[in-house]
Amino acid sequence: QVQPVESGGGLVQAGASLRLSCAASGRTFSSYTMGWFRQAPGKEREFVAGIRGVGDLTSYADTVKGRFTISRDNAKNTVYLQMNGLKPEDTAVYYCAASGVAIYVPTTMTAYPYWGQGTQVTVSS
């Protein structure tokens with residue numbers, strides 16, 4: 001079992017960068033595919049990015065491709081989301097989640113049984 005805890009959110013202006021971190025407990029962190037999701041007010045939670053356990057495969061939503069980068073440091077039990085070129089439409093609560101799916105990077109919430117509490121990212125125009 002793994003318990004994710006997010007950090008690094010905040011209020012920034014459009015065009016700025018932020019790096020989110022997700023620290024996860026558990027001795028088998030490297031066996032989990034990790035994902036970032038976000039939920040804007042009044043909208044459904046959506047997939048942002050994901051990375052397989054050993055970091056050899058990543059997946060991104062089209063809306064963030066080329067601007068966001070997901071990475072992980074298994075020695076630190078931590079996954080990161082580097083967000084560059086932030087836009088007001090990136091404003092949301094960002095959630096880190098862990099999945100036991102190892103063959104590919106799932107993009108649906110139901111594939112991720114372990115979730116953090118979320119961190120707020122607000123981008124002003």
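What this report covers is the structure whose coordinates are included nearby. (Residues numbered from 1 in each chain as written. Predicted model: local features only at pLDDT ≥ 70, side-chain atom pairs only at ≥ 80, totals over all residues. Heavy atoms only, no water.)

Re the pairing of strand 7 (residues 68-73)
The condition that has to hold: With a 1.4 Å probe rolled over the protein chains alone, any residue whose accessible area is under 20% of its type maximum counts as buried; one over 50% counts as exposed, and the rest are partly exposed. Helix and strand definitions follow DSSP, with helices as H or I runs of at least four residues and strands as E runs of at least two, each counted in order from the N terminus. In this analysis, strands are considered paired if DSSP registers two or more bridges between them.
Only one face of strand 7 is buried, namely the one carrying F68, I70 and R72, since none of T69, S71 and D73 on the opposite face is buried. Two elements, strand 7 and strand 8 (residues 78-83), share 6 bridges in a ladder whose sense is antiparallel. If you follow F68 over to strand 8, its bridge partner there is M83. In sequence, strand 7 turns back onto strand 8 through a hairpin of 4 residues, with N77 there showing a positive phi of about 50°.

Section: the pattern of salt bridges
Our working rule: Whenever a carboxyl oxygen of Asp or Glu lies within 4 Å of a side-chain nitrogen of Lys or Arg, that contact is scored as a salt bridge.
For the structure shown, the criterion picks out 5 salt bridges. A salt bridge links E46 to R38; the shortest N-O distance between them is 2.7 Å. Owing to a relative accessible area of 35%, E46 belongs among the partly exposed residues under this scheme. Judged by relative accessible area, R38 falls into the buried class, the value being 6%. For K65, the salt bridge identified is with D62, shortest N-O distance 3.2 Å. Three or more residues are tied together by salt bridges with common partners; here these are R38, E46, R67 and D90.

Regarding the state of the cysteines
The cut-off we apply is this: Only a pair of cysteine sulfur atoms within 2.5 Å counts as a disulfide in this structure description.
Evaluation of the coordinates by the stated rule reveals 1 disulfide. Put simply, C22 and C96 are joined by a disulfide, and their sulfur atoms are 2.1 Å apart. The sign of the -80° torsion about the S-S bond sets the C22-C96 disulfide as left-handed. Here C22 is found in strand 3 (residues 18-24), whereas its partner C96 is found in strand 9 (residues 92-99), with 74 residues between them in sequence. C22 gets classed as buried once you look at its relative accessible area, which sits at 0%.

Notes on the side chain of T119
The cut-off we apply is this: What qualifies as a polar contact is a pair of N or O atoms within 3.5 Å, subject to a donor-acceptor requirement within protein and to the restriction that residues adjacent in sequence count only when both atoms come from side chains. Two residues qualify as a contact provided that any one of their heavy atoms is within 4.5 Å of a heavy atom in the partner residue.
With respect to the helices and strands, T119 occurs in strand 11 (residues 119-124). When its relative accessible area of 11% is taken as the criterion, T119 is described as buried. Reaching out from T119, the side chain makes a polar contact with the backbone nitrogen of G9 at a distance of 3.2 Å. Apart from the residues within four sequence positions on either side, T119 is in contact with E6, S7, G8, G9, L20, A92, V93 and Y94.

Structural notes on the sheet that holds strand 7
Adjacent strands of a sheet pair through backbone hydrogen bonds, lying either parallel or antiparallel. Note the threshold: Axis definition: a line fitted to C-alpha atoms, over the contacting stretch in the case of helices. Angles run 0 to 180 degrees between N-to-C directions.
With antiparallel pairing, the 4 strands of this open sheet are ordered in space as 1-3-8-7. In this open sheet, the two strands that pair with only one neighbour each are strand 1 (4-7) and strand 7. Neighbour-to-neighbour, the strand axes of the sheet open up by a mean angle of 20°, direction not taken into account.

Overview of the environment of N84
Tracing the chain through its elements places N84 in the loop between strand 8 and strand 9. A relative accessible area of 32% places N84 in the partly exposed class. Along the sequence, N84 and R27 sit 57 residues apart, while their C-alpha atoms lie 31 Å from each other. The contacts of N84, once residues within four sequence positions are left out, are A16, S17, R67 and F68.

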